[in-house]
Amino acid sequence: MFTSQPATQPEFSAITSLNAPNLKEVAVLHDDYDQPVRNIAFSPDSTTLVASTLDSISLWHVEKHKQLGRAKISALHLAYSPDGDTLALAGREINFLDARTGKTRLKMKGHRDGTTAIGFSPDNNLFASGGMDGMVTIGSLATRRRVAVFEHQSQVRGLAFSPDNQTLATIAWGDPQSPRALYLWNIRTQKKITEIKCQTEKNLVFSADGRYLAVDGLILDTHTLNERYDFKERMVAFSPDNSLAATCRSDFNSIGIWNMHTGEQISLLKGHTRGIWSVAFSPDGKWLASSSGKMDTRAMLKGTEQAADSDNSVRLWGVELQETRPLRSMTTGRLQSLPGKTKVLKQL
């Protein structure tokens, strides 16, 4: 009797501006969280994805689409250390977990009235946190001592280290009477470089080459601080090769993929049925992850689980690598290949 062969797993290529129109949904990692999934992040080696709701986190093996673990813990914001050794969670406290075992290594007192943003410097030397008290604190990971404090006139909503470890970007705003601004700080001198008025932005991210700073959907040139593009979104993730930006909003259920060289939208990803809170490219460039959800206020009042169509989910997107099919040229008779997976062709 013939036995069936196990189905081979498809291979995926790095996502680029050339193949981004072929992005498709690869997997729904989970779609029945009891709250919106607000934050996601890939581990630096791209093998693991962490997702958080307001009171829980879950870890996923990316290629196997398998849940590695889940824990009840407050997680308003999260960040991996660049060496992949530590996962930091901001909630009622700031927890530093062993990224491999999930065990708590260190707990820090959070900011008064809440910690809103955390991040590691790219060189893995510093850790920053900001909060509703208007303070940003930077500490040394080696000495566990405070090295800088930046004070704002209103609540800190977001922060990001520049790729060269020299600058910290922060956003602060509060009630309508509070000043709303983007700040750039020199970490070494602890001096404010500049202040730019803004609206209600809170998401900050530098492109990997340091050329751009995304302030929600507004893309600034870091050399001139002039506007380069305005994608009119609330969340931006840059691809590792700096050629693409993925954007989303918590009140829309699609993901925009933009060419960073032209500013044009080249793809619109649909699959979520509720607003999308977060998008992230994997460091190896092969995956795009997204998370969504909508808080059901009626369910909250009743103390019951949310409606079935809430789509509190995490999804994975990729570009499948196609096998090369050899073709014989009509003019030369020599073997050629179609675009796709490269193969070495033996001379015939």
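Residues numbered from 1 in each chain as written. Predicted model: local features only at pLDDT ≥ 70, side-chain atom pairs only at ≥ 80, totals over all residues. Heavy atoms only, no water.

### So, the nonpolar core
Taken as a class, soluble globular proteins show a tendency for nonpolar side chains to be buried jointly.
Next up, step 1: Judged by nonpolar contacts, the single largest core of 17 residues is most densely connected at Ile-15, Ile-255, Ile-257, Val-279 and Leu-288.
Next up, step 2: Of all the elements in the fold, those that place two or more residues in this core are β23 (235–238), β24 (244–248), β25 (254–259), β27 (276–281) and β29 (314–320).
Next up, step 3: Contacts of Ile-15, omitting those with residues within four sequence positions, involve Ala-20, Leu-23, Asp-241, Leu-244, Phe-281, Gly-285, Lys-286, Trp-287, Leu-288 and Val-319. (Core = buried A, V, L, I, M, F, W, Y, C linked by side-chain atoms within 4.5 Å. Buried < 20%, exposed > 50% of the residue type's maximum accessible area, 1.4 Å probe, protein only. Helix = DSSP H or I, 4+ residues; strand = E, 2+ residues; numbered from the N terminus. Contact = heavy atoms within 4.5 Å.)

### Quick look at the environment of Ala-88
Next up, step 1: Mapped onto the elements, Ala-88 comes out in strand β8 (residues 86–90).
Next up, step 2: Using a relative accessible area of 0% as the deciding quantity, one classes Ala-88 as buried.
Next up, step 3: On a C-alpha basis, the gap between Ala-88 and Lys-107 in space is 9.6 Å, while along the polypeptide they are 19 residues apart.
Next up, step 4: Excluding its chain neighbours within four sequence positions, the residues that come into contact with Ala-88 are His-77, Leu-78, Ala-79, Asn-95, Phe-96, Ile-118, Phe-120 and Phe-127.

### Observations regarding the confidence of the model for the chain
Next up, step 1: Looking at the chain, the pLDDT average stands at 87 and 86% of residues meet or exceed 70.
Next up, step 2: In this model residues 1–6 is a low-confidence stretch, pLDDT under 50, and it forms zero contacts with partners more than four residues away in sequence or in other chains.
Next up, step 3: Ignoring residues within four places in sequence, the model shows residues 335–348, a span with pLDDT below 50, making 27 contacts including any to other chains. (pLDDT = per-residue confidence, 0-100.)

### Looking at the sheet that holds strand β17 (residues 181–186)
Next up, step 1: Spatial ordering of the open sheet is given by β15-β16-β17-β18, a layout of four strands whose pairing is antiparallel. Taken across any chain shown, the strands that pair with only one partner, and hence form the sheet edges, are β15 (156–161) and β18 (191–197). Between one strand axis and the next, the sheet turns by 20° as a mean value, whatever way the strands run.
Next up, step 2: Alignment of β17 against β18, held across six bridges, turns out to be antiparallel. Bridging across to β18, Leu-182 finds its partner in Ile-196. (Pairing = 2+ DSSP bridges. Axes fitted to C-alpha atoms, helices over the stretch in contact; angles between N-to-C directions.)

### Here's the deal with the environment of His-152
Next up, step 1: Here His-152 shows up in the loop between β14 (146–151) and β15.
Next up, step 2: Distance in space between the C-alpha atoms of His-152 and Thr-170 is 9.2 Å, their sequence separation being 18 residues.
Next up, step 3: With sequence-adjacent residues up to four places away left out, His-152 is seen in contact with Gly-134, Val-136, Thr-170, Ala-172, Tyr-183 and Trp-185.

### Considerations on the pattern of salt bridges
Next up, step 1: Overall, the coordinates contain 15 salt bridges when judged by the stated rule.
Next up, step 2: Of the charged contacts, one joins Asp-85 and Arg-105 as a salt bridge, the two residues approaching to 2.7 Å between their closest N and O atoms. Highlighted residues: Asp-85 in the loop between β7 (77–80) and β8 and Arg-105 in strand β10 (residues 104–109), separated in sequence by 20 residues.
Next up, step 3: Across the pair Glu-93 and Lys-107 runs a salt bridge, and its minimum N-O distance is 3.8 Å. Taken together, the positions of Glu-93 in strand β9 (residues 93–98) and Lys-107 in strand β10 put the pair 14 residues apart, joining distant regions of the chain.
Next up, step 4: Residue Glu-93 is classed as partly exposed on the basis of its relative accessible area of 35%.
Next up, step 5: Each of Asp-85, Asp-98, Arg-100 and Arg-105 takes part in a single network of salt bridges with overlapping partners. (Salt bridge = Lys/Arg side-chain N within 4 Å of Asp/Glu carboxyl O.)

### A short note on the sheet that holds strand β21 (residues 218–221)
Next up, step 1: With respect to topology, four strands assemble into an open sheet ordered β19-β20-β21-β22, the strand pairing being antiparallel. Edge positions in the sheet fall to β19 (204–206) and β22 (227–230), since each of these pairs with one other strand and no more. Strand-to-strand twist in this sheet, taken as the mean axis angle between neighbours without regard to direction, amounts to 20°.
Next up, step 2: Pairing geometry for strand β20 (residues 212–215) and β21, over four bridges, is antiparallel. When the sheet's bridge partners are listed, Val-215 is paired in β21 with Leu-218.

### Looking at the pairing of β9
Next up, step 1: In terms of burial, β9 is largely enclosed, as five of its six residues are buried.
Next up, step 2: Taken together, the five bridges between β9 and β10 define a ladder with antiparallel strand orientation. Residue Phe-96 lies in a different strand from β10, and its bridge partner there is Leu-106.
Next up, step 3: Linking β9 back to β10 in an antiparallel pair, the connection comprises five residues, with Gly-102 at a positive phi of about 80°.

### Some details on the side chain of Ser-81
Next up, step 1: Mapped onto the secondary structure, Ser-81 falls in the loop between β7 and β8.
Next up, step 2: Polar contacts involving the side chain of Ser-81 include one to the main-chain amide nitrogen of Asp-85, which spans 3.3 Å.
Next up, step 3: Setting aside residues no more than four positions away along its own chain, Ser-81 makes contact with Pro-44, Thr-86, Phe-120 and Asn-124. (Polar contact = N/O pair within 3.5 Å; in protein donor to acceptor, adjacent residues only side chain to side chain.)

### Some remarks on the packing of aromatic side chains
Given two aromatic rings, one states the distance between the centres and the angle between the planes to describe the pair.
Next up, step 1: As enumerated under the stated definition, the model contains seven aromatic pairs in all.
Next up, step 2: For the ring pair Tyr-183 and Trp-185, a centre distance of 5.9 Å and an interplane angle of 25° mean the geometry is stacked. Of the two residues examined, Tyr-183 and Trp-185, each falls in the buried class.
Next up, step 3: Note on Tyr-229 and Phe-231: the rings are 5.7 Å apart at their centroids and 15° apart in plane angle, and the pair reads as stacked. Comparing Tyr-229 with Phe-231 shows no difference in burial state: the two are buried.
Next up, step 4: What links up through ring pairs into an aromatic cluster is the set Phe-96, Phe-120 and Phe-127.
Next up, step 5: Positioned above the aromatic ring of Trp-277 is the side chain of Arg-38, whose terminal nitrogen or guanidinium carbon lies 4.4 Å from the ring centre.
Next up, step 6: Above the plane of the ring of Trp-173 lies Arg-157, whose end atom (NZ or CZ) is 4.1 Å from the centre. (Phe/Tyr/Trp six-rings, centres within 6.5 Å; stacked < 30°, edge-to-face > 60°. Lys NZ or Arg CZ within 6 Å of the ring centre and 35° of its normal.)

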